[in-house]
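The residues making up each chain are set out below.
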Amino acid sequence: MEFDEYVAARGQQLVRLGLVLSSDHHRAEDLAQTALMNAYRHWRRVRAMDDPHAYVRRILVNAYLATTRRSSSHETSSELDDVQHQEPDPSLALVEHDAMWQMLATLPTRERTVVILRYYEDLDYAAIATLLGIKDSTARASVSKALASLRAAHDPAEGHNR
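Residues numbered from 1 in each chain as written. Predicted model: local features only at pLDDT ≥ 70, side-chain atom pairs only at ≥ 80, totals over all residues. Heavy atoms only, no water.

- Per an unreviewed UniProt entry, the chain goes by SigE family RNA polymerase sigma factor and derives from Kribbella ginsengisoli.
- UniProt lists a comment for the chain under the heading Sequence similarities (unreviewed entry), and it reads "Belongs to the sigma-70 factor family. ECF subfamily." (UniProt positions renumbered as here; feature names shortened; annotations may be inferred.)

Some remarks on the environment of L123
Inference 1: Within the secondary structure, L123 sits in the loop between α7 (109–120) and α8 (125–132).
Inference 2: Apart from the residues lying within four places of it in its own chain, the contact partners of L123 are R57, L117, R118, I128 and L131. (Helix = DSSP H or I, 4+ residues; strand = E, 2+ residues; numbered from the N terminus. Contact = heavy atoms within 4.5 Å.)

Notes on the packing of helix α1 (residues 3–22) against helix α2 (residues 25–41)
Inference 1: Taken N-terminus to C-terminus, the directions of α1 and α2 make an angle of 140°; their axes are 8 Å apart at the nearest point. Taken together, the axes of α1 and α2 lie oblique to each other. At the point where α1 passes α2, the crossing takes the right-handed sense. The residues of α2 that touch α1, namely those facing F3, Y6, V7, L14, V15, G18, L19 and S22, are H25, R27, A28, E29, L31, A32, L36, A39 and Y40. (Axes fitted to C-alpha atoms, helices over the stretch in contact; angles between N-to-C directions. Parallel < 35°, antiparallel > 145°, perpendicular 65-115°, else oblique. Left-handed = near helix turned anticlockwise from the far one by under 90°.)

A short note on helix α9 (residues 136–154)
Inference 1: In this model, α9 (19 residues) spans 27 Å end to end at C-alpha, consistent with the 27 Å of a helix rising 1.5 Å per residue.
Inference 2: When α9 is considered as a whole, its buried residues turn out to be A139, S142, V143, A146, A148 and L150. (Expected span 1.5 Å × (residues − 1). Buried < 20%, exposed > 50% of the residue type's maximum accessible area, 1.4 Å probe, protein only.)

Points about the packing of aromatic side chains
Inference 1: Following the criterion strictly, the structure yields three aromatic pairs and no others.
Inference 2: When the centroid spacing of 5.2 Å and the interplanar angle of 80° are considered together, the rings of F3 and W43 count as edge-to-face. Taken together, the residues F3 in helix α1 and W43 in helix α3 (residues 43–47) connect sequence positions 40 residues apart. Residues F3 and W43 agree in their burial class; the two are buried.
Inference 3: A centroid spacing of 5.4 Å and a plane angle of 45° characterise the contact between Y6 and W43, whose relative ring orientation is tilted. A residue pair is termed long-range when its members are at least 10 positions apart, and Y6 in helix α1 and W43 in helix α3 qualify at 37 residues.
Inference 4: Ring pairing ties together the aromatic residues F3, Y6, Y40 and W43, which thus form one cluster.
Inference 5: In this structure, R118 packs its charged tip against the face of Y119, placed 5.5 Å from the ring centre. (Phe/Tyr/Trp six-rings, centres within 6.5 Å; stacked < 30°, edge-to-face > 60°. Lys NZ or Arg CZ within 6 Å of the ring centre and 35° of its normal.)

What follows is the structure, encoded as structure tokens:
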């Protein structure tokens, strides 16, 4: 597969993954562009891999995690505040959808990332572990911890029953 064919087939998936991770369309496009630029530089090697998309997706996730680490140590982001102050749509489905993304935005970066990879990207724990360079058990534990945090935030009484 040539690079332009790959971009045509998978480019929008990369932007959507960036959007789900960052909650910002412009940042999502930047993440996808970064991943594609890095893949392009080594395309001959990338396209020879068993799953080139998994490699490019890993570049995108690593770029997201790197920018999150850098910004968290140097600046305060108002990105989450902007998401939390949006007016909900009158439609119940959209309100529930918005509430879910707001809850996800409260999770630490690593936990939010593993939940998105598990349930949005539909990756299994082994794929998540490979993608993030962690152990399978760490991926499972991170997802479990994130879900427990989400449950406790949704139902504070449940957090006290533990």
